[in-house]
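Here is how the chains run, residue by residue.
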Amino acid sequence: MKVFEKAPAKINLSLDVLRKREDGYHEVEMVMTMVDLADRIEMQELPRDTIIISSQAGYIPLDEKNLAFQAARLIKDRYDVKQGVYIHLDKKIPVAAGLAGGSSDAAATLRGLNRLWKLGIPVEELQRLGAELGSDVPFCVTGGTAIATGRGEKLEAIEAPPQCWVILAKPPINVSTSEIYGKLRAAGIQHHPSTSAIVEAIRQKRFDWLCDRLGNVLEEVTLELYPEVRQLKECMVRLGADGVLMSGSGPTVFGLVSKEAKVARIYNGLRGFCKDVYAVRLLT
Ligand SMILES: C[C@@](CO)(OP(=O)(O)O)[C@H](O)COP(=O)(O)OP(=O)(O)OC[C@H]1O[C@@H](n2ccc(N)nc2=O)[C@H](O)[C@@H]1O
Ligand SMILES: Nc1ncnc2c1ncn2[C@@H]1O[C@H](COP(=O)(O)OP(=O)(O)O)[C@@H](O)[C@H]1O
């Protein structure tokens, strides 16, 4: 038997860091949502007790370092599953981009194997398993739009933002999430985004408020280290995106755009600047 799952990319509409914790992680407050750019995961049962990963993307690990492999191993161990699985990852989300591609693949693998092996694991338990794999995985299990706290694993679902276009642009650099958190001085953050103001903009369906209130405290670290991300942000503002922010630890910058007529101009303008540009819709 075979099952398929879509693994969409996430963006952070806001990302605040409250403090550094004793365990080395940071206490965060984020508003996250999904966009219509997704990997496609195929899972096929194998009679042998093994996990095999393949992908058309040459630049991700295919062994136990792959988050989909780790998700499969976790579910097999925890639920004592003796069958194996062949997992094919059709990657569309750029890697190490701040879009949670790996986390979403892991979450989709948990959902898919729950169906393939008819385990009946409740969604809250899938999220708990996901938290063992990474801070963004629990959100990716359910998707939608949510306020994420703790290290990202405590979730409160909220309604979707007003529908709009999302233009994503990733400069050709690799950014390490742990390096960016590591360089952040949590006590010295000057401007904290207001989570409640973002949530209010969403509840009131005010796209203009939402665009004005976007904020990500990790920007000050990534933009300082990688001037090309700052230039990309400035370029997107100049081209007329309504709201512009870096997603997660970067380096992808996203622009929210309400008018379809503007999308092609912004997309084409950015393509002159970098190769990885996508014009997608929010997943509402
Ligand atoms: C920054 C964010 C925002 O959504 O996304 P990305 O840029 O990765 O997409 C997340 O917080 C990333 O989540 P994720 O990529 O799952 O992180 P993890 O694997 O759990 O942790 C990677 C490393 O980041 C740091 N980390 C992560 C989460 C957190 N709340 N505090 C941290 O300090 C830790 O150094 C950890 O070793
Ligand atoms: N299935 C996967 N897809 C993408 N990257 C993966 C996967 N499994 C492991 N990785 C590794 O995870 C790291 C982070 O990738 P990704 O989740 O795409 O980025 P981010 O955490 O910035 O959103 C990369 O270094 C990549 O090699």
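Residues numbered from 1 in each chain as written. Chains lettered and ligands numbered in written order. Predicted model: local features only at pLDDT ≥ 70, side-chain atom pairs only at ≥ 80, totals over all residues. Heavy atoms only, no water.

Engineer: Which residues make up the site of ligand 2, and what values do they have?
Structural biologist: Surrounding ligand 2, one finds 17 residues, the nearest of these being L67, K91, A100, G102 and D105. Note that an oxygen atom of ligand 2 is positioned 2.8 Å from one of the backbone N or O atoms of G102. Contact between ligand 2 and D105: a nitrogen atom at 2.9 Å from a side-chain N or O atom of the residue. Coverage of ligand 2 by the protein chains reaches 78% of its 550 Å² of free accessible surface. Mapping ligand 2 onto the cavity grids shows that it belongs to the largest pocket. (Near = heavy atom within 4 Å. Polar contact = N/O pair within 3.5 Å; in protein donor to acceptor, adjacent residues only side chain to side chain. Areas by Shrake-Rupley, 256 points an atom, 1.4 Å probe, with all protein chains shown as cover. 1 Å grid on protein atoms, 1.4 Å probe; cavity = no way out; pocket = protein on both sides within 12 Å on 5 of 7 lines; lining within 4 Å. Sits in = over half its atoms within 2 Å of the grid points.)

Engineer: Outline the side chain of K233, supporting the account with residue identities and numerical values.
Structural biologist: Relative to the assigned elements, K233 resides in helix α9 (residues 227–238). Excluding anything up to four places from it in sequence, K233 contacts E219, L223, V244, L245 and V253. (Helix = DSSP H or I, 4+ residues; strand = E, 2+ residues; numbered from the N terminus. Contact = heavy atoms within 4.5 Å.)

Engineer: Before we move on, could you go through the packing of helix α1 (residues 67–78) against helix α2 (residues 101–116) and cite the residues and values that matter?
Structural biologist: Axis separation between α1 and α2 bottoms out at 8 Å; the angle between their running directions is 35°. Once α1 is placed against α2, the crossing between them reads as right-handed. Across the interface between the two elements, L67, A68, A71, A72 and I75 of α1 pack against G102, S103, D105, A106, T109, L110, L113 and N114 of α2. Classifying every residue of the contact of α1 with α2 by side-chain character gives eight nonpolar, four polar and one charged. (Axes fitted to C-alpha atoms, helices over the stretch in contact; angles between N-to-C directions. Left-handed = near helix turned anticlockwise from the far one by under 90°. Nonpolar A, V, L, I, M, F, W, Y, C, P; charged D, E, K, R; others polar.)

Engineer: Outline the nonpolar core, supporting the account with residue identities and numerical values.
Structural biologist: Core analysis: the largest hydrophobic core is formed by 72 residues, its most contacted members being V17, V85, I87, L110 and L270. Excluding residues that lie within four positions of it along the chain, V17 makes contacts with H26, E27, V28, Y181, L184, A186, I189, H192, V217 and L218. In this structure, I11, C164, L168 and L210 belong to the second largest nonpolar core, which totals 28 residues. (Core = buried A, V, L, I, M, F, W, Y, C linked by side-chain atoms within 4.5 Å. Buried < 20%, exposed > 50% of the residue type's maximum accessible area, 1.4 Å probe, protein only.)

Engineer: Go over the domain arrangement of the protein, please, and point to the residues and values.
Structural biologist: Domain assignment breaks the protein into domain 1 (2–158) and domain 2 (165–281). Both sides of the domain 1 and domain 2 interface together cover about 2,300 Å² of buried area, and 66% of this is carbon and sulfur. For the interface between domain 1 and domain 2, the tally reads zero salt bridges. If you look at where domain 1 meets domain 2, you find 10 residue pairs in polar contact (both at pLDDT 80 or more). Mapped onto the side of domain 1 that touches domain 2, the elements with two or more residues apiece are β1 (2–20) and β2 (26–46). Among the elements that make up the side of domain 1 that touches domain 2, the one with the highest residue count is β1 (10 residues). Of the residues contributing to the side of domain 1 that touches domain 2, the split by class is 15 nonpolar, four polar and seven charged. (Domains from an automatic or database assignment. Buried area = accessible area lost by both parts, 1.4 Å probe. Salt bridge = Lys/Arg side-chain N within 4 Å of Asp/Glu carboxyl O.)

Engineer: I'd like a description of the site of ligand 1, backed by residues and values.
Structural biologist: Looking at ligand 1, there are 23 residues lining it, with K10, H26, S135, Y181 and S249 nearest. Within the side chain of H26, one N or O atom sits 2.7 Å away from an oxygen atom of ligand 1. For ligand 1, a nitrogen atom lies 3.0 Å from a polar atom in the backbone of R151. If ligand 1 stood free it would expose 690 Å²; the protein chains cover 82% of that surface. In this structure, ligand 1 is accommodated by the largest pocket. Every element with two or more residues in the shell around ligand 1 is listed here: β1, β2 and α5 (177–183). Here the shell around ligand 1 gets four residues from one element, more than from any other, and that element is β2. Taken together, the residues of the shell around ligand 1 sort by class into nine nonpolar, 11 polar and three charged.

Engineer: Could you give an account of the side chain of R111, naming the residues involved and the relevant values?
Structural biologist: Following the sequence through the fold, R111 ends up in helix α2. Using a relative accessible area of 18% as the deciding quantity, one classes R111 as buried. In contact with R111, other than residues within four places in its own chain, are E5, K6, L126, C140 and V141.

Engineer: Provide a residue-level description of the pairing of strand β4 (residues 84–90), including the pertinent values.
Structural biologist: Two elements, β2 and β4, share seven bridges in a ladder whose sense is antiparallel. Bridge pairing links Q44 to Y86 in β4. In this fold, strand β3 (residues 51–55) hands off to α1, which returns the chain to β4; that crossover is left-handed. (Pairing = 2+ DSSP bridges. Right-handed = clockwise from strand over helix to strand, strands pointing away.)

Engineer: Any chance you could break down the UniProt feature "domain: GHMP kinase C-terminal" (unreviewed entry) in the protein for me, citing the residues and the numbers?
Structural biologist: Under the local residue numbering, the UniProt record ascribes the feature "domain: GHMP kinase C-terminal" (unreviewed entry) to residues 199–275. Between the C-alpha atoms that bound residues 199–275 there is a distance of 33 Å. The span itself is 56% helix and 14% strand. (UniProt positions renumbered as here; feature names shortened; annotations may be inferred.)

Engineer: Describe the packing of α2 against helix α3 (residues 123–131), and please don't skip the residues or the numbers.
Structural biologist: Between α2 and α3, whose axes approach to 10 Å, the crossing angle comes to 135°. When the axis of α2 is compared with that of α3, the two are oblique. In the packing of α2 onto α3, the handedness of the crossing is right-handed. Residues L110, R111 and N114 of α2 lie in contact with α3, whose contacting residues are L126, L129 and G130. Of the residues that constitute the contact of α2 with α3, the class distribution is three nonpolar, two polar and one charged. (Parallel < 35°, antiparallel > 145°, perpendicular 65-115°, else oblique.)

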